[in-house]
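One-letter residues, chain by chain:
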Amino acid sequence: MRRTKGGPAAQLGTGMLVSTACGTAVASVSAIGLVSIEHLVGGIWSALAIACGGAISLSLARCFGRLMTVVPSTAGLLAYLSRGLGRSGGLLITLPYLLLSLFLIGAEATLIGLIFHKISGLPALLGSLGFLVGTWALCRAGLSISMRTQAYATWILVAALSIMSLLLLAKSARLGSLSVHILIPPPSVARFIAAVGQALFLFMGFEFITCQADLTTPTVMRRSLVFSSIVLLLFYATVSLGLACVTIPPLQGQALLIPQLVLAESTVGRLALLPVALLTLLSSYTSYNGALLALSRLTSALAAQRLLPRSLSQIEQRTLLPQRALLALLGFCLIATALVQRFNLLLPSILAAAPCAALAYAAVAFVRERAPFREAERSDFSRFAGSVLALLLVGLAIGVVFDSTAESILPSILLVLGSAYGLTLLMLVMPRIRGVFGKSRTVLLAKGGGHGS
């Protein structure tokens with residue numbers, strides 16, 4: 001990160017943006033997503049599903065690169081879809097995705113609380129609250145320190161988990177069981193499609209760095225989006241192969257089973273519990289911090305457009321962050337954590353976020369081929385490929401929701417999805433309702449005044 005010559009704003013480089021994108025995507029709940037994929041298809045097929053998800057992410061990175069070049073806005077995804085689909089269409093697709101992104105922070109806090117309880121014996125709620133408030137307090141110290149801290153945490157996390165997974169593969173090879181774990185019979189097409197949809201969830205949030213478009217150049221942003229997709233693909237594929245060598249029981253709705261701790265005990269025993277717990281905290285921190293950095297600026301942009309209270313729009317020059325928006329996001333995350341813990345929504349929130357992300361990404365692929373984002377010289381084949389990508393993403397969204405392995409928690413998944421889209425519809429309708437009541441009140445007052453005269 002360096003200062004620009006013409007002003008006080010910091011200009012972000014490729015390394016900082018890539019670490020922020022990867023840190024935002026790599027969350028503690030990603031381990032649960034990886035285990036879910038392993039149970040769906042297993043072995044080499046899990047890695048192939050992740051490779052497919054990574055290929056889609058790479059295509060989307062190129063789409064986002066084009067969109068942010070045409071519309072370099074801190075509103076990110078919302079600005080792009082509003083430009084391509086209209087304001088109402090953009091809000092209807094974007095806001096549920098953003099709400100579920102924040103809801104996943106509640107899942108992160110819940111997982112951290114469970115690990116905190118297992119290590120210390122203290123109440124899980126205390127660990128969850130400490131994580132939420134502590135990360136928020138560090139984030140509000142300023143954009144520069146937050147992104148630097150996130151960069152260090154991200155690369156430590158990626159290196160440690162990759163090494164741990166490689167150790168598991170080496171151990172399995174030494175025992176002669178590697179082929180048994182990796183080379184398993186192919187799954188059904190439906191299960192593989194569902195696995196690819198869940199794999200896409202692992203990349204969710206990498207595009208949040210586009211909300212920092214005012215702090216870098218389009219070239220750097222496009223390069224960062226592509227590089228982050230490649231890094232995430234290699235990292236998740238490696239960890240997936242490592243998990244294939246470990247026997248992990250099926251996840252339950254409450255997800256009391258913590259895959260990270262199972263992975264630790266399978267490598268170096270119970271002595272690794274504390275280091276892995278710290279790594280889990282790092283992954284949750286990078287995800288939460290990255291979301292706060294991006295979504296606070298998006299909240300500020302929404303407030304500037306009067307979709308949210310105007311007081312949330314002000315950005316502090318010293319920290320380059322909207323402090324009131326950060327405080328509002330903390331409040332939402334506290335509520336989300338309470339809901340996740342009260343109604344056992346840890347796994348449902350993950351499986352609800354995956355199709356919501358797929359639908360948002362489908363909209364991105366769709367508007368990429370529409371004005372003003374489509375280039376005049378773009379070939380017919382490229383336009384056709386973009387349409388196919390959009391349809392594929394819609395199919396993945398449907399496949400995740402109605403995957404047969406999630407039947408037991410399907411009502412909870414639909415409840416989370418319904419709540420996100422219902423709240424969005426309410427936000428869209430309320431201004432019109434206020435407008436109708438305002439006009440009615442004006443008419444009544446006018447009639448009353450005329451009668452009195």
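Residues numbered from 1 in each chain as written. Predicted model: local features only at pLDDT ≥ 70, side-chain atom pairs only at ≥ 80, totals over all residues. Heavy atoms only, no water.

With respect to the overall build of the protein chain
Our working definition: Numbering of helices and strands starts at the N terminus; helices are DSSP runs of H or I of at least 4 residues and strands are runs of E of at least 2. Between buried and exposed lies partly exposed: a residue is buried under 20% and exposed over 50% of the maximum accessible area for its type, with that area taken using a 1.4 Å probe on protein chains only. The contact rule is simple, with two residues in contact once any of their heavy atoms fall within 4.5 Å. For the area figures, the Shrake-Rupley method with a 1.4 Å probe applies, and any residue is considered shielded solely by the protein chains shown.
On a plain count of helices and strands, the protein chain comes out with 16 helices and two strands. Going through the 453 residues of the protein chain one by one, you find that 53% of them count as buried. Partitioning the intrachain contacts of the protein chain with sequence separation of at least 6 by distance along the chain shows that 81% fall at a separation of at least 24. Put simply, the protein chain shows about 19200 Å² of open surface, and 68% of that area lies on carbon and sulfur atoms.

Regarding the packing of aromatic side chains
What counts is decided by this rule: For Phe, Tyr and Trp, rings pair up if their centres lie within 6.5 Å, where Trp contributes its six-membered ring, and each pair is then called stacked (planes under 30 degrees apart), edge-to-face (over 60) or tilted (otherwise).
Summed over all chains, the structure comprises nine aromatic pairs. Aromatic pair Phe64 and Phe206: ring centres 6.2 Å apart, planes at 90°, arrangement edge-to-face. Of this pair, Phe64 sits in helix H3 (residues 43-70) while Phe206 sits in the loop between helix H9 (189-202) and helix H10 (218-244), placing them 142 residues apart in sequence. There is no split in this pair, since Phe64 and Phe206 are both buried. Pairing Tyr97 with Phe208 gives two aromatic rings, centres 6.1 Å apart and planes at 70°, and the pair type is edge-to-face.

What about the environment of Gly33?
When you line up the elements, Gly33 lands in helix H2 (residues 29-40). By relative accessible area, Gly33 is classed as buried at 4%. Placed 169 residues apart in sequence, Gly33 and Leu202 show a C-alpha to C-alpha distance of 7.0 Å. With residues near it in sequence (within four places) discarded, Gly33 still touches Gln198 and Leu202.

Describing the packing of H9 against helix H15 (residues 380-401)
In plain terms, the rule: Lines fitted to C-alpha atoms define the axes here, with helix axes fitted over just the stretch in contact, and angles between the N-to-C directions of these axes take values from 0 to 180 degrees. With respect to orientation, any angle under 35 degrees is reported as roughly parallel, any angle over 145 as roughly antiparallel, any angle of 65 to 115 as roughly perpendicular, and every other angle as oblique.
Their axes nearest at 8 Å, the elements H9 and H15 cross at an angle of 105°. On the basis of their axis angle, the class for H9 and H15 is roughly perpendicular. Contacts between H9 and H15 pair Ile193, Ala194, Val196, Gly197, Gln198 and Leu200 from the former with Leu393, Leu396, Gly399 and Val400 from the latter.

Topic: the confidence of the model for the protein chain
Should the pLDDT be low somewhere, the predicted coordinates at that spot are not to be read in detail. Quick note on the threshold: Confidence of the predictor at the level of single residues is captured by pLDDT, which takes values from 0 to 100.
Averaged over the protein chain, the pLDDT score is 84; the fraction of residues at 70 or greater is 86%. Across the protein chain, H3 holds the top mean pLDDT of 95, while strand E1 (residues 2-3) sits lowest at 46. The low-confidence segment residues 1-9, where pLDDT is below 50, has 19 contacts with residues more than four positions distant or belonging to other chains.

Examining a nonpolar patch on the surface
Convention followed: Nonpolar side chains (Val, Leu, Ile, Met, Phe, Trp, Tyr) are joined into patches within 5 Å and like charges within 9 Å, using only residues with over 30% relative accessible area and no salt bridge. Throughout this description, the term salt bridge denotes a Lys or Arg side-chain nitrogen within 4 Å of a carboxyl oxygen of Asp or Glu.
There is a patch of nonpolar side chains on the surface, built from Ile119, Leu274, Leu278 and Leu281 and spanning about 340 Å² of accessible area. The element best represented in the nonpolar patch is helix H12 (residues 273-304), accounting for three residues. Checked against the element boundaries, Leu281 lands in helix H12. Accessibility expressed as a relative area gives 36% for Leu281, which makes it partly exposed.

Topic: the pattern of salt bridges
Close approach of charged atoms allows side chains of opposite charge to pair. Overall, the coordinates contain five salt bridges when judged by the stated rule. With a shortest N-O distance of 2.5 Å, Asp214 and Arg297 are connected by a salt bridge. You can see Asp214 sitting in the loop between H9 and H10 and its partner Arg297 sitting in helix H12, a full 83 residues away along the chain. When the shortest N-O distance is used, the salt bridge between Glu369 and Arg378 registers 2.9 Å. Residue Arg378 is classed as partly exposed on the basis of its relative accessible area of 22%.

Looking at helix H5 (residues 87-120)
Since there are 3.6 residues in each turn of an α-helix, residues three or four apart along the chain are aligned in direction. Note the threshold: An expected span of 1.5 Å times one less than the residue number is assigned to each helix. Note that the bend at a residue is defined as the angle between axes fitted to the seven residues ending at it and the seven residues starting at it.
Taking 1.5 Å as the rise per residue, H5 with 34 residues should run 50 Å; its terminal C-alpha atoms sit 49 Å apart, in good agreement. The sharpest bend along H5 measures roughly 25° and falls at Thr94, with the proline Pro96 sitting one to four residues further on. Two residues or fewer past H5, Gly121 is found with a positive phi of approximately 85°.

A word on unusual backbone geometry
Look at the link from Ala371 to Pro372: it is a cis peptide, with omega at 5°. Looking at where Pro372 falls in the secondary structure, it is placed in the loop between helix H14 (346-368) and H15. A positive phi is found at Asn344, a non-glycine position, where the angle reads about 55°. By relative accessible area, which is 35% here, Asn344 ends up partly exposed.

Topic: the packing of H3 against H15
Note the threshold: Take the far helix as your reference; a near helix turned counterclockwise from it by less than a right angle gives a left-handed crossing, and one turned clockwise gives a right-handed crossing. By the convention adopted, Pro, Cys, Tyr, Trp, Phe, Met, Ile, Leu, Val and Ala count as nonpolar, Lys, Arg, Asp and Glu as charged, and the other residues, Gly among them, as polar.
The contact between H3 and H15 brings their axes to 12 Å, and the two run at 130°. With respect to H15, the element H3 is oriented oblique. Crossing of H3 over H15 shows left-handed handedness. In this structure, H3 uses Ile56, Ser59 and Leu60 to contact H15, whose residues at the interface are Leu389, Leu392, Leu393 and Leu396. A per-class count over the contact of H3 with H15 returns six nonpolar, one polar and no charged.

Looking at H14
Compared with the 33 Å implied by 1.5 Å per residue over 23 residues, the 33 Å span of H14 between its first and last C-alpha is a close match. The buried fraction of H14 amounts to 21 of the 23 residues, a majority that puts the element mostly inside the structure.

What to know about the nonpolar core
Selection criterion: As used in this record, nonpolar core signifies buried Ala, Val, Leu, Ile, Met, Phe, Trp, Tyr and Cys residues forming a set joined through side-chain atoms within 4.5 Å.
Counting 132 residues, the largest nonpolar core has Tyr97, Phe206, Tyr236 and Tyr361 as its most contacted members. In terms of residue count, the dominant contributor to this core is H14 (17 residues). Apart from residues lying up to four places away in sequence, Tyr361 is in contact with Leu60, Phe64, Tyr97, Leu200, Phe203, Met204, Gly205, Phe206, Glu207 and Leu393.

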